[in-house]
Amino acid sequence: MALLLVLVLAPAVRAAESAPPIPLEAFAKKNVFTALKLSPDGTMVAALVPGARAGAIAVLSVPELKAVGGVRLTGDQQFVRVWWAGDKRLVAELGYRDGPLDPLSSTGDIVTFDATGRDLRYVIGQQGIDGKIGSRLGKKTLKRVWATVIDPLIDDPNHVIISSREINTGEDSKAVVSRLDLRTSKLETLAVAPAAGFADFLLDRQGQVRFVSVSAGPFQYKTWKRDVGQEEWQPLEKEGEFAKAEPVAFAEDGKSVFLASRHFGDRSCLVRQTLDTGALTKVACHEAADLDHTIDAFAIGGEPIAAVFEAGKPETRLLDTGHPNIELLKLLQAAFPGKQIRVASATRDGGRLLVTTQDDRTTADYYLFDTKSRNAQFLTAELEWLDPELMAARQPVSFKSRDGTPLHGYLTIPRGSNGKNLPLIVHPHGGPFGIREHWTFDPEPQMLASRGYAVLQVNFRGSGGFGFEFSRQGRRAWGTTMIDDLTDSLKGLIAQGVADPARVCIYGGSYGGYAAMMSAVREPELYRCVVAEAGIYDLKLWRDDSDVADSDFGKRYLEAGVAANEAEMIAQSPLTYIDKLKAPVLVIHGEEDRRTPFSQAKALRKALDARKLPYEWLVKAGEGHGFIDEGNILTHHQTLLAFLDRHIGAKP
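Rules used in this analysis
Residues numbered from 1 in each chain as written. Predicted model: local features only at pLDDT ≥ 70, side-chain atom pairs only at ≥ 80, totals over all residues. Heavy atoms only, no water. Pairing = 2+ DSSP bridges. Helix = DSSP H or I, 4+ residues; strand = E, 2+ residues; numbered from the N terminus. Right-handed = clockwise from strand over helix to strand, strands pointing away. Disulfide = S-S within 2.5 Å. Axes fitted to C-alpha atoms, helices over the stretch in contact; angles between N-to-C directions. Phe/Tyr/Trp six-rings, centres within 6.5 Å; stacked < 30°, edge-to-face > 60°. Buried < 20%, exposed > 50% of the residue type's maximum accessible area, 1.4 Å probe, protein only. Lys NZ or Arg CZ within 6 Å of the ring centre and 35° of its normal. Salt bridge = Lys/Arg side-chain N within 4 Å of Asp/Glu carboxyl O. Expected span 1.5 Å × (residues − 1). Contact = heavy atoms within 4.5 Å. Lys, Arg positive; Asp, Glu negative; His and termini not counted. Polar contact = N/O pair within 3.5 Å; in protein donor to acceptor, adjacent residues only side chain to side chain.

Let us now look at the pairing of strand β36 (residues 615-620). Bridge analysis of strand β35 (residues 585-590) against β36 gives 6 bridges, and the strand direction is parallel. Its bridge partner lying in β36, H589 is registered against V619. Following the backbone out of β35, through helix α10 (residues 599-610) and into the adjacent parallel β36, one traces a crossover that is right-handed.

Below, the structure is given as structure tokens:
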């Protein structure tokens, strides 16, 4: 019988070629819902509600999406993750964000509540026995730990499996896997990691702790395994060898495990290891990119049925395992051509799936997919007020660096453009290590493209996704190799006639702000203007003022990744070369930034004033690492565009 999928209530196409420019307010507006999770019985979804400061979780009926319950935090705390711990109970992990340029970070605190939002209780975390968050959360933990859920035990609403590390022992603490009682906060130890550090554990299908990867320091991790019923851990790597594998999932037959592994080369492949013999089999590899993620079989705890790699556009490689869900995945691919497909969550039997589809013009459209009737019903969309038909195309591009290294990135071209002789913004990403650009919706390049600017985003050395050596070459090369990769990519676009060489600016945030200033002082003839947001301009000052060097881990990160000593810090600081600057600068910063403190912006301003170099200044009180308040975001976009328009908006 031929496969058939029925689409119900798909979003309507509204755009016309003559549509007016999208209001900037639409790009400043925050998501209503994100990260939806389907309940095990398929009757509800839980969704994160980001909020400007305090986060919330909404619980909605399916498929109507009518409010059933939910909870909201106070202060500036956010929900990082949420899990269903049964059909009616949820557990969630708390965290914070210093700003949109900073990843949402967990505080290791866990709360629980029922689907109506009642019975909200603080269970365990950093708050310890003396703390509480908000007036509705109690005080029931046993000790101060950093905790995260690794198995919500959907058939046992009173317990979850967590990994935790004691706070008081600092960086010497080993992660512990425990069964946590959500009613009493009591812990039952199941396993202890073989080494100190943050750890990722993998349980087998019987709930036994079998694999662990431990972060031994910046850019280092090691992986161990153990047999059923054994407490002793055995390393997967030889002594002194860099880790080559991280566990992904157990096979459904229980006889093998899937690994993200570099055993067959520099790039991470999907590899299958037979448990009794240790034999490794290559399952899926890519010639240019690491394994990005897997798509798993639809029942909870299912094995991988596809591997996804992303050098340019994502490539989904179906696995030759004969799993019955592969045919259903093919059906979804045929129904949503050109889209990235993910199974966000599933019912306990895999009969109903919450499927997301996305591409370069849409963030995430959510569908409820019935695997028996093959009916895919549209539920909701993130940023649904941004019409995909009015968004710009995001094209994969590739270049060769001056030393011959292949570079990959993305070029966003304004709608209606012929793609030639365009005003161009080079937009380096933050991080920088392990972060990468993806072929996915990115609101800021879309906002810039809506006003006529092409945007280039490059995965320079140090970025993740392109092999161990590619990432390693970015270490202690913030101001050299990374900047050269940006320069070489830009020159490639100029040579192709895409970018007008007289109308190029560079704009970035966090490390991207550093890269913008460093590019402008190293290549003063290339750029007509610079926008540096929440950037680092004096590495010694950053070491002394920021939260990065507050921990031993942070200090080792600085030495291994940024600069080994003060002489290197001076050599890699943009302010060292400020006399070479020719382009006007727009400085953007939040006064409460902890990651790159406001002292960085003030140091840059002092240097510019001393040399009477032109600059503009946008600083907001109460903002951190990037702007959160929608009004401030709108002002940010208006100021940014006005600055760009003055310098490269019209042909000279």
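Turning our attention to the environment of K143. In this fold, K143 is placed in the loop between β9 (121-124) and β10 (145-151). When the C-alpha positions of K143 and D98 are compared, they lie 26 Å apart, and in sequence the two are 45 residues distant.

Before going further, it helps to examine the state of the cysteines. Applying the stated criterion across every chain yields a total of 2 disulfides. The disulfide partner of C269 is C285, and the S-S distance across this bridge is 1.9 Å. Across the S-S bond of C269 and C285 the torsion is about 115°, and the bridge reads as right-handed. In this pair, C269 is assigned in strand β20 (residues 269-274) and C285 in the loop between β21 (280-284) and β22 (291-296), connecting sequence segments 16 residues apart. Here C505 pairs with C529 through a disulfide, and the sulfurs are 1.8 Å apart.

Take the sheet that holds strand β7 (residues 89-96) next. Overall, antiparallel pairing links the 4 strands, which are arranged β6-β7-β8-β9 in an open sheet. Here the strands that pair on one side only, and so sit at the sheet edges, are β6 (78-84) and β9. Strand-to-strand twist in this sheet, taken as the mean axis angle between neighbours without regard to direction, amounts to 35°. As paired strands, strand β8 (residues 105-114) and β9 are joined by 3 bridges and run antiparallel to one another.

To continue, consider the packing of aromatic side chains. Applying the stated criterion across every chain yields a total of 15 aromatic pairs. Here F433 and Y557 contribute two aromatic rings whose centre-to-centre distance is 6.0 Å and whose plane-to-plane angle is 75°, an arrangement assigned as edge-to-face. Here F433 is found in the loop between β31 (422-426) and α3 (443-450), whereas its partner Y557 is found in helix α8 (residues 552-562), with 124 residues between them in sequence. One exposure class covers both F433 and Y557, and it is buried. It is K29 that lies over the ring of W385; its NZ or CZ is 4.2 Å from the centre. Its end group placed over the ring of F198, R165 keeps NZ or CZ at 4.5 Å from the ring centre.

Let's shift gears to the pattern of salt bridges. The tally for this structure, following the rule as stated, stands at 31 salt bridges. A salt bridge links R394 to E437, with the shortest nitrogen-to-oxygen separation between them at 3.8 Å. With R394 in strand β29 (residues 393-400) and E437 in the loop between β31 and α3, this pair connects stretches of sequence that are 43 residues apart. Of the two residues, R394 and E437, both sit in the buried class.

Our next topic: helix α6 (residues 511-522). End to end, α6 covers 16 Å across 12 residues, agreeing with the expected 16 Å (1.5 Å per residue, within 8%). α6 sits mainly inside the fold: 11 of its 12 residues count as buried. Against α5 (481-495), β33 (499-509), β34 (529-533), α9 (566-571), β35 and α10 lie the buried residues of α6.

You can see D290 is positioned in the loop between β21 and β22. Despite its burial, D290 remains without a salt bridge, the nearest opposite charge being carried by R267 at 5.7 Å. Within the structure, the side chain of D290 is placed 3.3 Å from the backbone nitrogen of F466, a separation counted as a polar contact. At 3.0 Å, the side chain of D290 forms a polar contact with the backbone nitrogen of G467. Look past the residues within four positions of D290 in its chain and what remains in contact with it is D266, R267, S268, F309, E310, G465, F466 and G467.

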